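Listed below are the residues making up each chain.
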Amino acid sequence: MPGMEGTLAPDFALPDQEGRIHRLSDYRGQWVVLYFYPKDDTPGCTKEACGFRDHMGSLKAFGAVVLGVSADSVESHKRFAEKYGLNFPLLADPERKAIALYGAWGKRNLYGKEVEGVLRQTFLIDPEGRIAKVWRKVSPEGHALEVAEALQALRGA
């Protein structure tokens, strides 16, 4: 399965909500919280994104950047980020390239129905570009705090 702990994190180049291209390799030397989410401005995704927004201070204090990825467009990301005052890049992956590289596409349950889509998963990438921790089944409520705590433990802070 792609995106296993201890392996080199696959690089990608994706535009954010302002159209700026971000490459994972641009963040070498920093911790990266790379989180995949199903859809802009839906209840769970909003809760998760606002959690990262609200915990940005502690995540930055631990030397981390946050990158959110979904298959939505740059325009959709821009509306979502502006509506909720999101203070980190949302990367548009409509062709699902990075999503596929990390194994974040598959069957999930949506209101009792099984559908294919982006899976809610998070990857914590260390400053050398290796995957330090993976969350394959994420609950949006409290996830940003869970990531901050894991980051603190991994850094030995």
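What counts as what
Residues numbered from 1 in each chain as written. Predicted model: local features only at pLDDT ≥ 70, side-chain atom pairs only at ≥ 80, totals over all residues. Heavy atoms only, no water. UniProt positions renumbered as here; feature names shortened; annotations may be inferred. 1 Å grid on protein atoms, 1.4 Å probe; cavity = no way out; pocket = protein on both sides within 12 Å on 5 of 7 lines; lining within 4 Å. Points joined across faces, edges and corners; volume = space filled by probe spheres on them. Nonpolar A, V, L, I, M, F, W, Y, C, P; charged D, E, K, R; others polar. Axes fitted to C-alpha atoms, helices over the stretch in contact; angles between N-to-C directions. Helix = DSSP H or I, 4+ residues; strand = E, 2+ residues; numbered from the N terminus. Parallel < 35°, antiparallel > 145°, perpendicular 65-115°, else oblique. Contact = heavy atoms within 4.5 Å. Buried < 20%, exposed > 50% of the residue type's maximum accessible area, 1.4 Å probe, protein only. Pairing = 2+ DSSP bridges. Expected span 1.5 Å × (residues − 1). Arc of directions from axis to C-beta. Phe/Tyr/Trp six-rings, centres within 6.5 Å; stacked < 30°, edge-to-face > 60°. Lys NZ or Arg CZ within 6 Å of the ring centre and 35° of its normal.

As annotated in an unreviewed UniProt entry, the protein carries the name thioredoxin-dependent peroxiredoxin and comes from Thermus brockianus. According to the UniProt record, the Sequence similarities (unreviewed entry) comment for the protein is "Belongs to the peroxiredoxin family. BCP/PrxQ subfamily." Quoted verbatim from the Function (unreviewed entry) heading of the UniProt record, the comment on the protein is "Thiol-specific peroxidase that catalyzes the reduction of hydrogen peroxide and organic hydroperoxides to water and alcohols, respectively. Plays a role in cell protection against oxidative stress by detoxifying peroxides and as sensor of hydrogen peroxide-mediated signaling events."

## Comments concerning empty space enclosed by the protein
The tally for this structure, following the rule as stated, stands at 1 cavity of 30 Å³ or more. Estimates place the volume of the largest cavity at around 40 Å³. Surrounding the largest cavity, Leu24, Tyr27, Arg28, Gln30, Val32, Ile125, Asp126, Pro127 and Gly129 form its lining. A class-by-class count of the residues in the lining of the largest cavity yields 5 nonpolar, 2 polar and 2 charged.

## Thoughts on the packing of helix α1 (residues 43-54) against helix α5 (residues 143-155)
At a closest axis distance of 7 Å, the pairing of α1 and α5 adopts a crossing angle of 45°. By the angle between their axes, α1 is oblique relative to α5. Across from Glu48, Gly51 and Phe52 in α1, the residues of α5 making contact are His143, Ala144 and Val147. By residue class, the composition of the contact of α1 with α5 is 3 nonpolar, 2 polar and 1 charged.

## Some details on the pairing of strand β4 (residues 64-70)
By the criterion of burial, β4 is predominantly enclosed, with 7 of the 7 residues buried. Across 6 bridges, the pairing between strand β3 (residues 31-36) and β4 is parallel. Across the sheet, Tyr35 pairs through a bridge with Gly68, a residue of β4. Direction of pairing for β4 relative to strand β5 (residues 90-92): parallel, over a ladder of 3 bridges. Its bridge partner lying in β5, Ser70 is registered against Ala92.

## Considerations on the side chain of Arg120
Among the structural elements, Arg120 can be located in the loop between β7 (113-118) and β8 (121-125). By relative accessible area, Arg120 is classed as buried at 16%.

## Concerning α5
For α5, spanning 13 residues, the distance from its first C-alpha to its last is 18 Å, which sits close to the expected 18 Å at 1.5 Å a residue. Regarding α5, the residues found buried are His143, Ala144, Val147, Ala148, Ala150 and Leu151. Buried positions in α5, seen along its axis, are confined to an arc of 165° and lie on one side of it. Residues of α5 that are buried in the fold lie against β3, α1, α2 (56-61), β4, β8 and β9 (131-135).

## Some thoughts on the packing of aromatic side chains
For any two aromatic rings, the description comes down to two numbers: the centre-to-centre distance and the angle of the planes. Scanning all chains against the criterion turns up 10 aromatic pairs. Plain terms: the ring middles of Phe12 and Tyr102 are 6.4 Å apart, the flat faces sit at 70° to each other, and that makes the pair edge-to-face. Of this pair, Phe12 sits in the segment before β1 (13-15) while Tyr102 is found in the loop between α4 (97-101) and β6 (105-110), placing the two residues 90 residues apart along the sequence. What makes Tyr102 buried here is its relative accessible area of 0%. By way of ring pairs, the aromatic residues Tyr35, Tyr37, Phe52, Phe80, Tyr84 and Phe88 are connected into one cluster. Over the face of the ring belonging to Trp105 we find Arg96, whose NZ or CZ atom lies 3.7 Å from the ring centre. The ring of Trp135 carries Lys133 above its face, with NZ or CZ at 5.2 Å from the centroid.

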